[in-house]
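Single-letter residue listing:
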Number of protein chains: 2
Amino acid sequence: MERVAYFNNAATTFPKPEEVYSFTDKFYRKSGVNGGRGQNTSANKLTQETRELLLEMFHCPAKKVVFTPSATEAINIILQGIPMADNYNVYVSPFEHNAVMRVLNHLRGLYKLNIITLSVAEKGLCYDIEKIKYQFGENKPNLVIISHASNMCGVVAPINDICTMSHSYGAINVIDMCQTAGLINTDLSSDIYDFAVFAGHKTLYATFGIAGFICSGNIKPKPLIFGGAGIDSANPEVPDTVPERYEVGSQNTMAIAGLYAALNWIKERNIESIYLKEKDNLNKLLNILSLYENIKIITPADRVERVGIVSCTFNGYSSDNIGQILSEHGIEVRSGLHCAPFAHKFLGTFPAGTIRFSVGFFNTEDDFAMLRQALDYIYENS
Amino acid sequence: MERVAYFNNAATTFPKPEEVYSFTDKFYRKSGVNGGRGQNTSANKLTQETRELLLEMFHCPAKKVVFTPSATEAINIILQGIPMADNYNVYVSPFEHNAVMRVLNHLRGLYKLNIITLSVAEKGLCYDIEKIKYQFGENKPNLVIISHASNMCGVVAPINDICTMSHSYGAINVIDMCQTAGLINTDLSSDIYDFAVFAGHKTLYATFGIAGFICSGNIKPKPLIFGGAGIDSANPEVPDTVPERYEVGSQNTMAIAGLYAALNWIKERNIESIYLKEKDNLNKLLNILSLYENIKIITPADRVERVGIVSCTFNGYSSDNIGQILSEHGIEVRSGLHCAPFAHKFLGTFPAGTIRFSVGFFNTEDDFAMLRQALDYIYENS
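The text that follows walks through the structure, step by step, so that each part is easy to find. As the structure is a prediction and not an experimental result, all values here were calculated from the model.

Conventions we followed
Starting from 1, residues in each chain are numbered consecutively following that chain's sequence as written. For naming, the first written chain is A and the first written ligand is 1, with later ones following in the order written. Residues qualify for local features only when their pLDDT is at least 70, as the model is predicted, and side-chain atom pairs are given and counted only at 80 or more; totals for whole chains, interfaces and linings, by contrast, use all residues. With hydrogens and water set aside, each side-chain value is computed from the structure's full complement of heavy atoms. When the copies are overlaid, the least-squares fit takes in C-alpha atoms only where the residue has pLDDT of at least 70 in both copies. Whether two residues touch is decided by their heavy atoms; if any such pair falls within 4.5 Å, the residues are in contact. Each residue's exposure class comes from its accessible area (1.4 Å probe, protein chains only) as a fraction of the maximum for that residue type: buried when under 20%, exposed when over 50%, partly exposed otherwise. Here a strand is any run of E in DSSP of at least two residues, a helix any run of H or I of at least four, and the numbering for each starts at the N terminus. A pair of strands is considered paired only if DSSP assigns at least 2 bridges between the two. Two parts placed together each lose some accessible area under a 1.4 Å probe, and the buried area is that loss summed for both. Salt bridge, as used here, is a side-chain nitrogen of Lys or Arg placed within 4 Å of a carboxyl oxygen of Asp or Glu. Polar contacts here mean pairs of N or O atoms no more than 3.5 Å apart (in protein, one a potential hydrogen donor and the other a potential acceptor; neighbouring residues in sequence count only if both atoms are side-chain atoms). Three residue categories are used. Nonpolar comprises Ala, Val, Leu, Ile, Met, Phe, Trp, Tyr, Cys and Pro, charged comprises Asp, Glu, Lys and Arg, and polar comprises the others, including Gly.

Looking at the relation of the copies chain A and chain B
Right, on to step 1. It takes a turn of 180° to lay chain A on chain B, together with a shift of 0.0 Å along the axis; the resulting RMSD is 0.0 Å. The superposition of one copy onto the other is thereby described by a two-fold rotation axis.
Right, on to step 2. Of the interface residues in chain A, 100% have counterparts in chain B that sit at the interface too, so the contact is made through matching surfaces.

A look at the pairing of strand β7 (residues 195-199) of chain B
Residue and element names in this part refer to chain B.
Right, on to step 1. Here β7 lies mainly inside the structure; five of its five residues are buried.
Right, on to step 2. Here β7 pairs with strand β8 (residues 211-215) via five bridges, running antiparallel. Among the inter-strand pairings, A196 is bridged to a residue of β8, identified as I214.

Points about the interface of chain A and chain B
Right, on to step 1. The interface of chain A with chain B comprises 72 residues on the first partner and 72 residues on the second.
Right, on to step 2. In this assembly, chain A packs against chain B so that about 5600 Å² is buried in total across both faces, 55% of it on carbon and sulfur atoms.
Right, on to step 3. Linking chain A with chain B are two salt bridges, by the criterion used here.
Right, on to step 4. The salt bridge involving R29 of chain B is made with E18 of chain A; its shortest N-O contact spans 2.7 Å.
Right, on to step 5. If you look at where chain A meets chain B, you find 22 residue pairs in polar contact (both at pLDDT 80 or more).
Right, on to step 6. Sorting the residues of the side of chain A that touches chain B by element identifies α1 (18-31), α3 (71-81), α4 (98-108), α7 (253-269), α9 (319-328) and β11 (331-332) of chain A as the ones contributing at least two each.
Right, on to step 7. At eight residues, the largest contribution of residues to the side of chain A that touches chain B is made by α1 of chain A.
Right, on to step 8. Of the residues in the side of chain A that touches chain B, the class split is 28 nonpolar, 32 polar and 12 charged.

A few points about the pattern of salt bridges
Pairing between side chains of opposite charge can happen when their charged atoms approach one another.
Right, on to step 1. This structure, assessed with the given rule, holds 22 salt bridges over all chains.
Right, on to step 2. Between K284 of chain B and E365 of chain B there is a salt bridge, with the nearest N and O atoms lying 2.7 Å from each other. Of this pair, K284 of chain B sits in helix α8 (residues 271-289) while E365 of chain B sits in helix α11 (residues 365-380), placing them 81 residues apart in sequence.
Right, on to step 3. Since its relative accessible area comes to 51%, E365 of chain B is described here as exposed.
Right, on to step 4. Here the salt bridges do not stand alone but share partners, grouping E18 of chain A together with D25 and R29 of chain B into one network.

Structure below.
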């Protein structure tokens, strides 16, 4: 089938704004030289302006942006690099991705870590702040890692409440904003947010190849990757300064060009209007899914904030089966565990997994009509 | 000045073939979804075909391609992940980049390593195979790392001779092909080549964001970065299989599209004709530079194979000064240490550094005419 209705925006947003495609191509054709590895300034200027746009978006002009090729790498740099010791209490949300859990699993081979799940009510999927307060009192947090929004069920965590508490215990707070950066207007200026990770190709509507984290620069993780930084070449060690300490190897200025265009696209529309559009598409999706009695939706309570990600199961079918049938009808979703087995265990959908539908800014009425046709077909044949 | 004559191809080749720009844009607009994170197959198919094109280029269909975001990261994965122990003898070429030397510096903090420079005659810059044979006899090699071509002076290492010897001692051989992949026709099918690193954006004429290494898969470095691989999600560890073990996080299919187009572009022309064109441009460059008595060129002996990279110094000027003047005349070069202080120490140009001119396939007569004008200006004003 030629035409595809794309409901896999949590994996990567698609399509991108026209400005992202055209500016990336134009900039790279004209200025695709090596920023920091010659006298060329347009690539360096673009990189600097892109950092400033990110800090403006997150209302934290005094913080620093570290670029990495992927959010997975950003999380690895942070978690493998920050101080760690035996008997540390590491809190995670019940919705963590393998980009976090597999790093923690590795670190557990090096340290005796006490990994604790932040309390979330199984019914309604609501973070229980009172219980979390009690958890922190019982086991003082050393490190807290929270998916700002779950990549499986879209639930948004009350990061301000949780990080304020954990910060008062001196914990390091790491927020994974892969599903919220550029979508939920978030003020990161407070020092309760030690590290906030973003992925360019997801809710920021940029391309693959650029991600990173925002930090104060006060806590400096040990470097994970060593190499040339284009400055201070005579030093046998990587530079001590942030972000240069972590940005070794050639900078991906093509992807930065796309991020620059995407950030301007978001800024022009303003972030709230993009979120409203996604919520509108989420409601359309939920209205359609709720028409079918063979579909069981994982539904947070009404008071729980959520982004446009919905997981569900289909009576009598495995998620892989449904994924295949939807694909044959031109519906692009993700089926299975979405690299988040920990979250599925919490939700009781492990190991079968779910079908995940995720909307974006660009979903159209045609997409929803195609989805209805495909779901009709499954319903009639089940 | 608008028009730029680009002599910084060793930092990144520029421009790219038209096919690379246009295919990248077209593919990403049409199929910019998340390969391995949905049912979409065009991105996965492209990735697979790109691996096959690389293995075909290097005449090693039975080997494996691991993609990484940068060559620096590939080198880090290899060197930080392979078995290492106190008193290991680690041989490096005298031309190593900080992507190697800074990793070794880090490893020296963990192990007592004996880092030995492969013997190269200072006059003529010729690898001395007899002396290297003697070196290996005196201190059995455990690990050998060689820049296939120096990013500073273009000297090509006789990798077959050296790796055959070191392999007979059971050493692990790592070849850095950043300045030769796609330029020098190299057969990597032999098991003397344990790891060969490539950078898409350099001599392969692809874009930033894609690099990697070619290996047999028999020696499996410990993973450096942990995260979701899109398969085997329920496993708390990264998969054991190569390449999945190292390819965590979303694959950069946009950059892979560019690499795919670039590999086809090279294949259509055939690799030898591209090298001939670069050699032709190198000769033009050398002929021009040799006209000026104020320029001292670092010159390998006639019998030494070299790629299109030339380092030189200008009497009475610092390299940064000359870089600035050339830039004002629209000549893009790289000045300083080129992230290779170790190489400069060997060549006696540390810490002042050099001016590095590097040609590529796309240099034009206009570029050389502009270069002459700029060098005339410097000569007349010095």
